[in-house]
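Chain by chain, the residues:
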2 protein chains.
Amino acid sequence: MTDVNRQWLLAARPHGMVKESDFRWHEAPVPTPGEGDVLVRVLYVSFDPAMRGWMDDRPSYIPPVGIGEPMRAGAVGRVEASRHPGFAEGDLVQGLFGWQDYALLNGAMLGPAAKIPAGMPPTWPLGVLGITGLTAYFGMLDLGRPKAGETVVVSGAAGATGSIAGQIAKLEGARVVGIAGGAEKCAWLVREAHFDAAIDYRGDDVGARLSALCPKGVDVFFDNVGGAILDAVLARIALRARVVLCGGISAYNEVEPPPGPRNLMNLVIQRGRMEGFIVIDYLARFGEGVAALRAHVEAGRLVHQEDVQVGLENAPRTFLRLFRGENRGKQLLQVA
Amino acid sequence: MTDVNRQWLLAARPHGMVKESDFRWHEAPVPTPGEGDVLVRVLYVSFDPAMRGWMDDRPSYIPPVGIGEPMRAGAVGRVEASRHPGFAEGDLVQGLFGWQDYALLNGAMLGPAAKIPAGMPPTWPLGVLGITGLTAYFGMLDLGRPKAGETVVVSGAAGATGSIAGQIAKLEGARVVGIAGGAEKCAWLVREAHFDAAIDYRGDDVGARLSALCPKGVDVFFDNVGGAILDAVLARIALRARVVLCGGISAYNEVEPPPGPRNLMNLVIQRGRMEGFIVIDYLARFGEGVAALRAHVEAGRLVHQEDVQVGLENAPRTFLRLFRGENRGKQLLQVA
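Small disclaimer: the values here were computed from a predicted structure and weren't measured. (Residues numbered from 1 in each chain as written. Chains lettered and ligands numbered in written order. Predicted model: local features only at pLDDT ≥ 70, side-chain atom pairs only at ≥ 80, totals over all residues. Heavy atoms only, no water.)

Quick look at the packing of helix 2 (residues 131–144) of chain B against helix 3 (residues 160–171) of chain B
All names here are of chain B. Orientation of helix 2 relative to helix 3, taken along the N-to-C sense of each, is 40°, at an axis distance of 8 Å. It follows that helix 2 is oblique to helix 3 by the angle criterion. The handedness of the crossing between helix 2 and helix 3 comes out as right-handed. Facing Thr132, Gly133, Thr135, Ala136, Tyr137, Met140 and Leu141 of helix 2, the residues of helix 3 in contact are Ala160, Thr161, Ile164, Ala165, Ile168 and Ala169. (Axes fitted to C-alpha atoms, helices over the stretch in contact; angles between N-to-C directions. Helix = DSSP H or I, 4+ residues; strand = E, 2+ residues; numbered from the N terminus. Parallel < 35°, antiparallel > 145°, perpendicular 65-115°, else oblique. Left-handed = near helix turned anticlockwise from the far one by under 90°. Contact = heavy atoms within 4.5 Å.)

Okay, here's the thing in structure tokens:
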């Protein structure tokens, strides 16, 4: 244990595309746990597109990160010192520990800090068995509700959430088409994740490919992207389609939200439903979701990728990988 | 009975705003009913914004009107001659009789032709007790599901459907704000239809007024308009809001569908739902809806306006009144 806590603080609210200079490197003393506190050494940090929204000072589902505060992020760590009866030195825990070497947990921060079950790889609670996988699980099953034989389309399909969402729909018996950027990701979707087909939005005419691959229309669309891809799918929804709005990464770095889809009125003609959700609302059912996902993973029915970068100094540029589509599956950073 | 059947035929598919010249006046012989046929003299014709969509040759929920065919429209009429055991001369009936003096019903056209119950004013089945009122009833109750104390916003609120939708929400105990064009319509909404407040989209800053009138956000939005008004409401939805897409008159006369709302991602942040519907899907429940609406009207709990123009020669320009916002409530044309 060193005596320096390296941190990335939020330096500025991004204007448009997030930049490395929106964060500031800082070295602080490692905090000393008081009575009831727990000191955690951060091992892995999780990167999610939604974190971009936490940097803006706009009304949202969670307060923005304050300027000068460590950048908020999900993470797993090891308890370095505990003065709390519920935690012992060496316990593996997960929580919103942020972009730093050490997190001091006390008061409200202790509640969400959950111990990682023995025998589970320490990165899984950040990916397939964490918020990422649970978002796919509840969004697809609760809102998308794919039925056997239906056609499901997933955007951001090679991403951490999209790849799980598509496979969940496959397990329900649906035909699944993924939309991803680049031939390599598309090949992975079909060969490894067993999607029925993939569309490369960088090289293909998305609308034409959707029409060819979904001749009876799209019954369920699980959207992580928004923008032109959402519009292309809305133009091709089937009767009583469900559009699950999980995210809209195409606009996260826009200064103003761009105009929405032209084909929205197709929701009327096709009696479609478009619905947004935040996975935190399913907190009471996380146990059910983790158990189901873990069983699928351990039985080999669900594949997942982890893209592990190394070194806290690389946190901002690791975050940027998400918006350049450089990540291969769940984006993580190994800190210790 | 004359021997001429005056008709307005669809002459051309409109390019942008519908024009009188998109229709063609035609005089045909009055048809002679054969065995099993019914001849109807049209009394009143109904005008609905959705008819604009029937003029386009695009995939929709109903086939387009063919070029050279009488313009399709809901209507009520009196049976002039019947060679069908189910109908007698003098019966009042409703159906899709179109813009003409006489309609010959046979085969598939006889199914939807329904007799109007004795004692009911003959225009009501086209307005408050017809597709118009039923659209408001099922859209608001089944999709909007307003609860007592919730805030409901209706666009096109002084229109035939919007005014009923808002009053249905009031009867459920909601606070109802209507958006309409012009001070006169807004005054009618508050004074006659007992809306809690009205916003004049022509004179007011809609966003600012919505913020002032809906400080806790909008729980249910019943939208007939789309465009900028939909966007302004989406920016102000409350947690778990329901957006009922009934129509989008602001774009019906656009050559291409315009860009959609910028604030669509608010559906994610607020876990909102946006859903389209077509009232025909509720056919099996029309009896329930008509009975409920009729009871409300007869008890004085539900007001409705009828805007009756006169003379078949005025059909195209009566239709145009809808898109200029000139109609006061349900737009009808008295033909005979």
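Next comes the rest of the write-up.
Some points on the confidence of the model for chain A
Low pLDDT marks regions whose predicted coordinates should not be analysed in detail. Overall, the predicted model of chain A reaches an average pLDDT of 95, with 99% of residues at or above 70. At the level of chain-chain contacts, confidence expressed as ipTM amounts to 0.93, with global pTM at 0.94. (pLDDT = per-residue confidence, 0-100.)

Here's the deal with the relation of the copies chain B and chain A
Two chain copies here: they are related by a rotation about an axis and a translation along the same axis. Rotating chain B by 180° and translating it 0.0 Å along the rotation axis places it on chain A, where the RMSD comes to 0.0 Å. Here the symmetry operator amounts to a two-fold rotation axis. Of the C-alpha atoms belonging to chain B, the one lying closest to the rotation axis is found on Gly260 of chain B, 1.9 Å away. When the interface residues of chain B are mapped onto chain A, 100% of them again lie at the interface, so the same face is used by both copies. (Least-squares fit on C-alpha atoms with pLDDT ≥ 70 in both.)

Observations concerning the interface of chain B and chain A
Listed per partner, the contact involves 30 residues of chain B and 30 residues of chain A. Summing the contributions of chain B and of chain A, the shared interface buries around 2,700 Å²; its carbon and sulfur component is 60%. Interface area lost by chain B to chain A is led by Arg262, Val268 and Arg271 of chain B, which between them contribute 22%. At the boundary of chain B with chain A, the tally comes to six salt bridges. Summed over the shared surface of chain B and chain A, the result is 14 residue pairs in polar contact (both at pLDDT 80 or more). (Buried area = accessible area lost by both parts, 1.4 Å probe. Salt bridge = Lys/Arg side-chain N within 4 Å of Asp/Glu carboxyl O. Polar contact = N/O pair within 3.5 Å; in protein donor to acceptor, adjacent residues only side chain to side chain.)

Considerations on helix 5 (residues 206–213) of chain A
All names here are of chain A. Those residues of helix 5 lying buried are Val206, Gly207, Leu210 and Leu213. For helix 5, the angular spread of the buried residues around the axis is 140°, confining them to a single face. Where helix 5 is buried, its residues touch strand 8 (151–155), strand 9 (175–180), strand 10 (197–200) and helix 6 (227–234). Where helix 5 starts, the residue carrying a side-chain oxygen 3.2 Å from the main-chain nitrogen of Gly207 turns out to be Asp205. (Buried < 20%, exposed > 50% of the residue type's maximum accessible area, 1.4 Å probe, protein only. Arc of directions from axis to C-beta.)

A few points about the sheet that holds strand 12 (residues 237–245) of chain A
Strand order in this open sheet of twelve strands is 10(A)-9(A)-8(A)-11(A)-12(A)-13(A)-13(B)-12(B)-11(B)-8(B)-9(B)-10(B), and the pairing throughout is mixed. Whereas interior strands pair on both sides, the edge strands pair on one side only; in this sheet they are strand 10 of chain A together with strand 10 (197–200) of chain B. Across the sheet, the mean angle separating the axes of adjacent strands is 15° when strand polarity is ignored. Bridge count between strand 8 (residues 151–155) of chain B and strand 11 (residues 218–223) of chain B: three bridges; the pairing is parallel. (Pairing = 2+ DSSP bridges.)

Some points on the side chain of Arg242 of chain A
All names here are of chain A. For Arg242, the location among the structural elements is in strand 12. Of the residues examined, Arg242 reaches a relative accessible area of 12% and is grouped as buried. For Arg242, the side chain forms a polar contact with the main-chain oxygen of Gly144, separated by 3.0 Å. In contact with Arg242, other than residues within four places in its own chain, are Leu143, Gly144, Arg145, Pro146, Lys147, Glu150, Asp219, Val220, Phe221 and Arg273.

Describing the nonpolar core
Membership of the largest hydrophobic core comes to 52 residues, with the highest contact counts inside it found for Val153, Leu210 and Met274 of chain A together with Val153, Leu210, Leu264 and Met274 of chain B. For Leu210 of chain A, the contacting residues outside a window of four places in its chain are Val153, Ile179, Ile199, Ala232, Val233 and Arg236 of chain A. Residues Trp124, Tyr137, Ala158 and Val279 of chain A belong to the second largest nonpolar core, which totals 45 residues. (Core = buried A, V, L, I, M, F, W, Y, C linked by side-chain atoms within 4.5 Å.)

A word on the pattern of salt bridges
All names here are of chain A. Taken as a whole and assessed by the stated rule, the structure comprises 46 salt bridges over all chains. Among the ionic pairs, Glu313 bridges to Arg6, the shortest N-O distance being 3.8 Å. Linking Glu313 in the loop between strand 14 (306–310) and helix 9 (315–323) with Arg6 in strand 1 (residues 4–10), this pair joins segments that are 307 residues apart in sequence. Its relative accessible area of 40% is what places Glu313 among the partly exposed residues. Three or more residues are tied together by salt bridges with common partners; here these are Arg6, Arg41, Asp101 and Glu313.

Brief notes about the state of the cysteines
One covalent bond between the sulfur atoms of two cysteine residues makes up a disulfide. Residue and element names in this part refer to chain A. All told, the structure shown has zero disulfides over all chains when counted by the stated rule. Cys186 supplies the cysteine sulfur nearest to Cys246, a cysteine that is in no disulfide, at a spacing of 19 Å. Look at Cys246 and you get buried, because its relative accessible area is 16%. (Disulfide = S-S within 2.5 Å.)

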